[in-house]
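Remarks on the overall topology
So you can see what is in the structure, the chains are spelled out below.
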Amino acid sequence: MSDQPQVVITDSSVVKLPRGVRLRRDPVRNHMVLLAPERAMALDDIAVVIVQALDGVKSVDVLSQEFSEKFHAPKDQIAQDIKAFLTELSNRRMLEIVQ
Amino acid sequence: MAWHAPKFIEVSC
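Residues numbered from 1 in each chain as written. Chains lettered and ligands numbered in written order. Predicted model: local features only at pLDDT ≥ 70, side-chain atom pairs only at ≥ 80, totals over all residues. Heavy atoms only, no water.

Further remarks concern the side chain of S59 of chain A. Residue and element names in this part refer to chain A. With respect to the secondary-structure elements, S59 resides in strand β5 (residues 55-59). Given the relative accessible area of 12%, S59 is considered buried. Leaving out residues up to four positions away in the same chain, S59 has contacts with D11, S12, S13 and V14. (Helix = DSSP H or I, 4+ residues; strand = E, 2+ residues; numbered from the N terminus. Buried < 20%, exposed > 50% of the residue type's maximum accessible area, 1.4 Å probe, protein only. Contact = heavy atoms within 4.5 Å.)

Turning our eyes to something else, we now look at helix α1 (residues 45-52) of chain A. Burial runs high along α1 of chain A: six of the eight residues are buried. Elements that come into contact with the buried residues of α1 of chain A comprise β2 (22-26), β3 (31-36), β4 (39-43), α2 (60-71) and α3 (75-91) of chain A.

Next up on the list: the interface of chain B and chain A. On the chain A side, the residues contacting the eleven residues of chain B number 20 residues. At the boundary of chain B with chain A, total buried surface from both sides reaches about 1,400 Å², with 68% on carbon and sulfur atoms. When residues of chain B are sorted by the area they lose upon contact with chain A, M1, W3 and F8 of chain B head the list and together hold 52% of the total. Along the contact surface separating chain B from chain A lie six residue pairs in polar contact (both at pLDDT 80 or more). Its residues assigned to classes, the side of chain B that touches chain A shows eight nonpolar, one polar and two charged. (Buried area = accessible area lost by both parts, 1.4 Å probe. Polar contact = N/O pair within 3.5 Å; in protein donor to acceptor, adjacent residues only side chain to side chain. Nonpolar A, V, L, I, M, F, W, Y, C, P; charged D, E, K, R; others polar.)

All right, on to the packing of aromatic side chains then. Within the structure shown, the criterion is met by four aromatic pairs over all chains. What links up through ring pairs into an aromatic cluster is the set F67 and F71 of chain A together with W3 of chain B. (Phe/Tyr/Trp six-rings, centres within 6.5 Å; stacked < 30°, edge-to-face > 60°.)

This next bit is on the environment of A47 of chain A. Looking at the element boundaries, A47 of chain A is found in helix α1. Using a relative accessible area of 0% as the deciding quantity, one classes A47 of chain A as buried. In sequence terms A47 of chain A and V28 of chain A are 19 residues apart; their C-alpha atoms lie 19 Å from each other. Leaving out residues up to four positions away in the same chain, A47 of chain A has contacts with F85 of chain A together with P6 and K7 of chain B.

Printed below as a string of C-alpha cells:
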C-alpha cells in the first residue's frame, strides 16, 4: 500500500513536464523516449504529440479541443485518452501539475 | 496519423 496521494487529472488541469524530464529521440530504435531520472518511457506517435503540447498554459480541455480539430476525432474520447495518459505520467512523477 | 489512445512502454534497466 502506498501513502502517495493519487493525483486526479481533470479537464481543467494544466500540466507540464517537470525539471529534469525531457523528450529525446532514441537513435538506436528510432523512437521517442521520455527521460526522467532513473526512469525512461518509450512513447508512440500520439503520446509524443500529447507530451509536446504540455506547455504549462493550456488546460486538458483546451488541448482536447485542439486535437479534436486536428485529428477529426470526438473531443470526449480524446479528453479521456489524455487524462488516462497524464495520470500514468503523474503516477511515475513525470508530470508537474501547474493548476 | 489517426487519433488513438496513447501507448507507452516503461523501459527498465
